[in-house]
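Commentary on secondary and tertiary structure
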Amino acid sequence: MAPHATENDTIEGFNGNGTEPVNAGEAPLEPGVKKSVAQGKMIEFPRPPKFDDKYKERDYLKGRLAAAFRIFGKYGFDEGVAGHITMRDPVEPTSFWVNPFGVAFSHINKSDLIRVNAEGKVVDGGDVRLLNTAAYMIHHAVHVARPDVLCAAHSHSIYGRTWCTLGRKLDTITQDACAFHDDHVTYNSFNGVVLVEKEGKDIAACLGNKKAALLQNHGILTVGKTIEEAVFWFVSMEKCCHSQLMAEAAAAYTGQKLVIIDDEQAEYTKRTVGSPAAGWFNAKPMFDVIHRETGGSYLQ
(Lines give C-alpha, C1' and ligand atoms only; values in the text may rest on other atoms or scores of the structure.)
Protein backbone atom coordinates (compact mmCIF):
# COMPACT_ATOMS: atom_id res chain seq x y z
CA MET A 1 0.00 0.00 0.00
CA ALA A 2 1.26 3.48 -0.82
CA PRO A 3 2.70 5.46 2.10
CA HIS A 4 0.94 8.62 3.19
CA ALA A 5 1.83 11.83 1.39
CA THR A 6 3.99 14.41 3.08
CA GLU A 7 3.38 18.08 3.75
CA ASN A 8 1.55 19.81 0.87
CA ASP A 9 1.67 17.00 -1.67
CA THR A 10 -0.71 17.61 -4.55
CA ILE A 11 -1.76 15.99 -7.78
CA GLU A 12 -3.99 17.53 -10.42
CA GLY A 13 -7.60 17.02 -9.39
CA PHE A 14 -6.90 17.28 -5.66
CA ASN A 15 -6.32 20.36 -3.55
CA GLY A 16 -3.69 20.73 -0.86
CA ASN A 17 -5.93 18.96 1.67
CA GLY A 18 -6.26 15.90 -0.55
CA THR A 19 -9.83 16.60 -1.55
CA GLU A 20 -11.54 17.23 -4.85
CA PRO A 21 -11.99 20.99 -5.37
CA VAL A 22 -15.60 22.04 -4.85
CA ASN A 23 -17.41 25.19 -5.85
CA ALA A 24 -20.52 26.84 -4.51
CA GLY A 25 -23.75 26.56 -6.47
CA GLU A 26 -25.71 23.85 -8.15
CA ALA A 27 -24.43 20.81 -10.03
CA PRO A 28 -25.41 21.77 -13.61
CA LEU A 29 -26.64 18.35 -14.67
CA GLU A 30 -28.17 17.35 -11.37
CA PRO A 31 -30.71 20.13 -10.59
CA GLY A 32 -31.18 20.88 -6.91
CA VAL A 33 -28.00 19.06 -5.88
CA LYS A 34 -25.19 21.13 -4.41
CA LYS A 35 -21.80 20.63 -6.03
CA SER A 36 -20.37 19.81 -2.61
CA VAL A 37 -22.80 16.88 -2.46
CA ALA A 38 -22.39 15.81 -6.08
CA GLN A 39 -18.62 15.81 -5.87
CA GLY A 40 -18.20 14.52 -2.32
CA LYS A 41 -18.29 16.31 1.04
CA MET A 42 -14.63 17.23 1.40
CA ILE A 43 -13.58 13.59 1.73
CA GLU A 44 -9.98 13.06 2.81
CA PHE A 45 -8.49 10.92 0.05
CA PRO A 46 -5.20 9.01 0.12
CA ARG A 47 -2.65 10.67 -2.14
CA PRO A 48 0.58 9.77 -3.93
CA PRO A 49 3.66 10.29 -1.77
CA LYS A 50 6.07 13.16 -2.29
CA PHE A 51 9.81 12.80 -1.90
CA ASP A 52 12.58 15.28 -1.20
CA ASP A 53 15.19 12.63 -2.05
CA LYS A 54 15.10 11.68 -5.76
CA TYR A 55 16.87 8.37 -5.10
CA LYS A 56 14.23 7.35 -2.56
CA GLU A 57 11.59 8.40 -5.08
CA ARG A 58 13.25 6.23 -7.74
CA ASP A 59 13.27 3.24 -5.42
CA TYR A 60 9.60 3.69 -4.54
CA LEU A 61 8.52 4.18 -8.15
CA LYS A 62 10.44 1.10 -9.28
CA GLY A 63 8.40 -0.89 -6.77
CA ARG A 64 5.18 0.55 -8.17
CA LEU A 65 6.31 -0.23 -11.72
CA ALA A 66 7.05 -3.84 -10.76
CA ALA A 67 3.57 -4.04 -9.22
CA ALA A 68 2.12 -2.64 -12.47
CA PHE A 69 3.60 -5.55 -14.41
CA ARG A 70 2.18 -8.01 -11.87
CA ILE A 71 -1.25 -6.41 -12.45
CA PHE A 72 -0.86 -6.77 -16.24
CA GLY A 73 0.09 -10.40 -15.73
CA LYS A 74 -2.91 -10.99 -13.47
CA TYR A 75 -5.27 -9.47 -16.06
CA GLY A 76 -3.78 -11.50 -18.93
CA PHE A 77 -2.37 -8.52 -20.81
CA ASP A 78 0.66 -10.50 -21.94
CA GLU A 79 1.10 -11.98 -25.41
CA GLY A 80 4.37 -13.85 -25.57
CA VAL A 81 7.09 -11.25 -25.11
CA ALA A 82 4.99 -8.27 -26.30
CA GLY A 83 4.04 -5.33 -24.11
CA HIS A 84 5.83 -2.72 -22.03
CA ILE A 85 5.28 -0.14 -19.31
CA THR A 86 7.81 2.65 -18.81
CA MET A 87 8.51 5.08 -15.99
CA ARG A 88 10.47 8.29 -16.38
CA ASP A 89 13.45 8.20 -14.02
CA PRO A 90 13.23 10.98 -11.39
CA VAL A 91 17.02 11.14 -11.01
CA GLU A 92 17.87 11.28 -14.73
CA PRO A 93 14.61 12.28 -16.44
CA THR A 94 15.93 11.73 -19.97
CA SER A 95 16.03 8.00 -19.18
CA PHE A 96 13.25 5.56 -18.29
CA TRP A 97 12.76 2.20 -16.56
CA VAL A 98 11.12 -0.67 -18.43
CA ASN A 99 10.66 -4.44 -18.26
CA PRO A 100 13.50 -6.63 -19.57
CA PHE A 101 12.57 -8.26 -22.87
CA GLY A 102 11.43 -11.86 -22.50
CA VAL A 103 10.68 -11.87 -18.75
CA ALA A 104 7.08 -12.73 -17.82
CA PHE A 105 5.03 -9.86 -16.42
CA SER A 106 3.90 -12.08 -13.53
CA HIS A 107 7.51 -12.72 -12.46
CA ILE A 108 8.91 -9.20 -12.59
CA ASN A 109 10.50 -7.83 -9.44
CA LYS A 110 11.82 -4.34 -8.78
CA SER A 111 15.39 -5.59 -9.19
CA ASP A 112 14.63 -6.97 -12.68
CA LEU A 113 13.76 -3.59 -14.21
CA ILE A 114 16.22 -1.97 -16.60
CA ARG A 115 16.98 1.71 -17.24
CA VAL A 116 17.35 2.96 -20.80
CA ASN A 117 18.98 6.27 -21.75
CA ALA A 118 17.98 8.69 -24.49
CA GLU A 119 20.16 6.86 -27.03
CA GLY A 120 18.44 3.52 -26.36
CA LYS A 121 21.28 1.98 -24.34
CA VAL A 122 20.62 -0.05 -21.20
CA VAL A 123 22.61 1.73 -18.47
CA ASP A 124 21.31 0.17 -15.26
CA GLY A 125 19.16 -2.62 -13.91
CA GLY A 126 18.77 -6.36 -13.50
CA ASP A 127 20.61 -9.38 -14.85
CA VAL A 128 18.50 -9.65 -18.03
CA ARG A 129 19.33 -6.54 -20.03
CA LEU A 130 17.55 -7.27 -23.28
CA LEU A 131 15.61 -4.26 -24.54
CA ASN A 132 12.49 -4.51 -26.68
CA THR A 133 13.27 -2.12 -29.56
CA ALA A 134 9.60 -1.25 -30.00
CA ALA A 135 9.42 -0.27 -26.33
CA TYR A 136 12.24 2.21 -26.84
CA MET A 137 10.93 3.63 -30.12
CA ILE A 138 7.39 4.23 -28.84
CA HIS A 139 8.05 5.19 -25.25
CA HIS A 140 11.11 7.37 -25.81
CA ALA A 141 9.11 9.43 -28.31
CA VAL A 142 6.15 9.72 -25.93
CA HIS A 143 8.31 10.73 -22.95
CA VAL A 144 10.10 13.37 -25.04
CA ALA A 145 6.87 14.79 -26.46
CA ARG A 146 5.02 14.73 -23.12
CA PRO A 147 7.08 16.13 -20.20
CA ASP A 148 3.94 15.77 -18.04
CA VAL A 149 3.91 11.98 -18.48
CA LEU A 150 5.61 9.85 -15.84
CA CYS A 151 4.36 6.52 -17.15
CA ALA A 152 3.25 5.01 -20.46
CA ALA A 153 1.70 1.57 -20.90
CA HIS A 154 1.17 -0.56 -24.01
CA SER A 155 0.29 -4.18 -24.54
CA HIS A 156 -1.64 -6.45 -26.89
CA SER A 157 -4.72 -7.10 -24.74
CA ILE A 158 -7.42 -9.15 -26.46
CA TYR A 159 -10.35 -6.71 -26.51
CA GLY A 160 -8.20 -3.67 -27.14
CA ARG A 161 -6.49 -5.15 -30.14
CA THR A 162 -9.81 -6.50 -31.42
CA TRP A 163 -11.46 -3.08 -31.23
CA CYS A 164 -8.38 -1.56 -32.90
CA THR A 165 -9.14 -3.55 -36.07
CA LEU A 166 -12.04 -1.15 -36.65
CA GLY A 167 -9.82 1.92 -36.85
CA ARG A 168 -12.17 4.20 -34.92
CA LYS A 169 -12.54 5.74 -31.50
CA LEU A 170 -14.73 4.40 -28.73
CA ASP A 171 -18.18 5.88 -28.36
CA THR A 172 -19.20 7.35 -25.01
CA ILE A 173 -21.81 4.74 -24.15
CA THR A 174 -21.13 4.19 -20.43
CA GLN A 175 -20.14 6.18 -17.37
CA ASP A 176 -16.71 4.55 -17.48
CA ALA A 177 -16.25 5.50 -21.14
CA CYS A 178 -16.78 9.14 -20.15
CA ALA A 179 -13.19 9.14 -18.83
CA PHE A 180 -12.05 8.87 -22.46
CA HIS A 181 -14.56 11.33 -23.94
CA ASP A 182 -12.62 13.60 -26.31
CA ASP A 183 -9.50 12.32 -24.53
CA HIS A 184 -8.27 9.53 -26.79
CA VAL A 185 -7.20 9.19 -30.41
CA THR A 186 -6.86 6.56 -33.09
CA TYR A 187 -3.53 6.05 -34.79
CA ASN A 188 -4.76 4.94 -38.20
CA SER A 189 -1.62 3.33 -39.55
CA PHE A 190 0.02 -0.05 -39.24
CA ASN A 191 3.55 -0.65 -40.44
CA GLY A 192 4.42 -3.79 -38.53
CA VAL A 193 6.48 -3.91 -35.33
CA VAL A 194 7.64 -0.40 -34.38
CA LEU A 195 11.37 -0.63 -35.06
CA VAL A 196 12.11 2.81 -36.47
CA GLU A 197 12.28 6.23 -34.84
CA LYS A 198 9.81 7.89 -37.22
CA GLU A 199 6.98 5.52 -36.32
CA GLY A 200 7.44 6.21 -32.61
CA LYS A 201 7.41 9.96 -33.23
CA ASP A 202 4.29 9.64 -35.39
CA ILE A 203 2.48 7.78 -32.59
CA ALA A 204 3.55 10.41 -30.04
CA ALA A 205 2.40 13.22 -32.34
CA CYS A 206 -0.96 11.53 -32.87
CA LEU A 207 -1.41 11.04 -29.11
CA GLY A 208 -0.94 14.78 -28.57
CA ASN A 209 -2.18 15.80 -25.13
CA LYS A 210 -4.65 12.91 -24.74
CA LYS A 211 -4.54 10.12 -22.17
CA ALA A 212 -4.86 7.20 -24.60
CA ALA A 213 -4.41 6.03 -28.18
CA LEU A 214 -5.95 3.13 -30.06
CA LEU A 215 -3.21 1.87 -32.38
CA GLN A 216 -4.85 0.42 -35.50
CA ASN A 217 -4.41 -3.37 -35.84
CA HIS A 218 -2.16 -3.22 -32.80
CA GLY A 219 -3.51 -2.33 -29.35
CA ILE A 220 -3.92 0.25 -26.59
CA LEU A 221 -1.45 2.89 -25.39
CA THR A 222 -2.18 4.89 -22.23
CA VAL A 223 -0.22 7.53 -20.32
CA GLY A 224 -0.41 9.14 -16.90
CA LYS A 225 1.14 11.57 -14.44
CA THR A 226 1.52 8.56 -12.13
CA ILE A 227 2.14 4.86 -12.74
CA GLU A 228 -1.21 4.07 -11.17
CA GLU A 229 -3.06 6.44 -13.49
CA ALA A 230 -1.53 4.99 -16.66
CA VAL A 231 -2.30 1.44 -15.48
CA PHE A 232 -5.90 2.24 -14.60
CA TRP A 233 -6.57 3.93 -17.94
CA PHE A 234 -5.23 0.83 -19.69
CA VAL A 235 -7.38 -1.56 -17.63
CA SER A 236 -10.44 0.65 -18.02
CA MET A 237 -9.99 1.22 -21.76
CA GLU A 238 -9.60 -2.54 -22.28
CA LYS A 239 -12.93 -3.05 -20.48
CA CYS A 240 -14.54 -0.23 -22.48
CA CYS A 241 -13.44 -1.96 -25.69
CA HIS A 242 -14.95 -5.21 -24.40
CA SER A 243 -18.17 -3.43 -23.43
CA GLN A 244 -18.60 -1.74 -26.81
CA LEU A 245 -17.86 -4.92 -28.75
CA MET A 246 -20.64 -6.65 -26.82
CA ALA A 247 -23.00 -3.66 -27.07
CA GLU A 248 -22.57 -3.42 -30.84
CA ALA A 249 -23.16 -7.16 -31.23
CA ALA A 250 -26.34 -6.89 -29.14
CA ALA A 251 -27.50 -3.85 -31.09
CA ALA A 252 -26.93 -5.61 -34.40
CA TYR A 253 -28.87 -8.67 -33.20
CA THR A 254 -31.84 -6.68 -31.86
CA GLY A 255 -31.84 -3.99 -34.54
CA GLN A 256 -31.47 -1.27 -31.94
CA LYS A 257 -29.06 1.67 -31.93
CA LEU A 258 -26.53 2.36 -29.20
CA VAL A 259 -27.52 5.20 -26.88
CA ILE A 260 -24.64 7.68 -26.89
CA ILE A 261 -24.13 9.97 -23.88
CA ASP A 262 -24.34 13.58 -25.06
CA ASP A 263 -21.29 15.84 -24.98
CA GLU A 264 -22.40 18.01 -22.05
CA GLN A 265 -23.12 15.04 -19.79
CA ALA A 266 -19.97 13.24 -20.90
CA GLU A 267 -17.77 16.27 -20.17
CA TYR A 268 -19.41 16.77 -16.78
CA THR A 269 -18.88 13.11 -15.89
CA LYS A 270 -15.30 13.13 -17.16
CA ARG A 271 -14.41 15.79 -14.60
CA THR A 272 -15.25 13.22 -11.92
CA VAL A 273 -14.09 9.92 -13.43
CA GLY A 274 -11.42 11.05 -15.90
CA SER A 275 -9.00 13.24 -13.93
CA PRO A 276 -5.43 12.17 -13.08
CA ALA A 277 -6.51 11.98 -9.43
CA ALA A 278 -9.40 9.67 -10.34
CA GLY A 279 -7.05 7.47 -12.33
CA TRP A 280 -4.62 7.18 -9.42
CA PHE A 281 -7.34 6.49 -6.84
CA ASN A 282 -9.15 3.93 -9.01
CA ALA A 283 -5.90 2.00 -9.44
CA LYS A 284 -5.07 1.93 -5.74
CA PRO A 285 -7.19 -1.16 -4.95
CA MET A 286 -5.47 -3.13 -7.74
CA PHE A 287 -2.04 -2.30 -6.33
CA ASP A 288 -3.22 -3.16 -2.80
CA VAL A 289 -4.50 -6.55 -4.00
CA ILE A 290 -1.23 -7.35 -5.77
CA HIS A 291 0.73 -6.42 -2.65
CA ARG A 292 -1.39 -8.69 -0.46
CA GLU A 293 -1.49 -11.60 -2.93
CA THR A 294 2.27 -11.58 -3.45
CA GLY A 295 3.25 -10.68 0.09
CA GLY A 296 5.25 -7.83 -1.44
CA SER A 297 7.62 -10.24 -3.20
CA TYR A 298 7.75 -7.95 -6.26
CA LEU A 299 9.69 -5.45 -4.13
CA GLN A 300 12.78 -7.70 -4.17
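Only a predicted model underlies this, so the values are computations on that prediction, with no experimental measurement involved. (Residues numbered from 1 in each chain as written. Predicted model: local features only at pLDDT ≥ 70, side-chain atom pairs only at ≥ 80, totals over all residues. Heavy atoms only, no water.)

**So, the side chain of Arg64**
As for its placement among the helices and strands, Arg64 is situated in helix H2 (residues 54-74). Among the polar contacts made by the side chain of Arg64, one reaches the side chain of Glu228 at a distance of 2.7 Å. (Helix = DSSP H or I, 4+ residues; strand = E, 2+ residues; numbered from the N terminus. Polar contact = N/O pair within 3.5 Å; in protein donor to acceptor, adjacent residues only side chain to side chain.)

**Concerning the pairing of strand E4 (residues 122-125)**
On a regular strand, each side chain points to the face opposite its neighbour's, so the side chains alternate between the two faces of the sheet. Pairing between strand E3 (residues 114-116) and E4: three bridges, direction antiparallel. Each residue of the ladder has a partner; that of Val116, found in E4, is Val122. Linkage of E3 to E4, two consecutive antiparallel strands, is achieved through a turn of five residues, within which Gly120 is found at a positive phi near 85 degrees. (Pairing = 2+ DSSP bridges.)

**What about the pattern of salt bridges?**
A full pass over the atoms with the stated rule returns 17 salt bridges. A salt bridge links Glu92 to Arg115; its shortest N-O distance comes to 3.4 Å. Of this pair, Glu92 sits in the loop between strand E1 (84-88) and strand E2 (96-98) while Arg115 sits in strand E3, and the two are 23 residues apart along the sequence. Accessibility expressed as a relative area gives 41% for Glu92, which makes it partly exposed. By relative accessible area, which is 7% here, Arg115 ends up buried. Several salt bridges converge on common partners, so that one network encompasses Arg146, Asp148 and Lys225. (Salt bridge = Lys/Arg side-chain N within 4 Å of Asp/Glu carboxyl O. Buried < 20%, exposed > 50% of the residue type's maximum accessible area, 1.4 Å probe, protein only.)

**Observations regarding the nonpolar core**
Counting 46 residues, the largest nonpolar core has Ile227 and Val231 as the members making the most contacts within it. When contributions to this core are tallied by element, the ones reaching two or more residues are H2, E1, strand E5 (151-155), strand E7 (212-215), helix H6 (227-254), helix H7 (263-273) and helix H8 (276-294). Ranked by the residues each element gives to this core, the list is headed by H6, at 10 residues. Val231 has contacts with Ala68, Ile71, Phe72, Met286 and Phe287, leaving out every residue within four places of it along the chain. (Core = buried A, V, L, I, M, F, W, Y, C linked by side-chain atoms within 4.5 Å. Contact = heavy atoms within 4.5 Å.)

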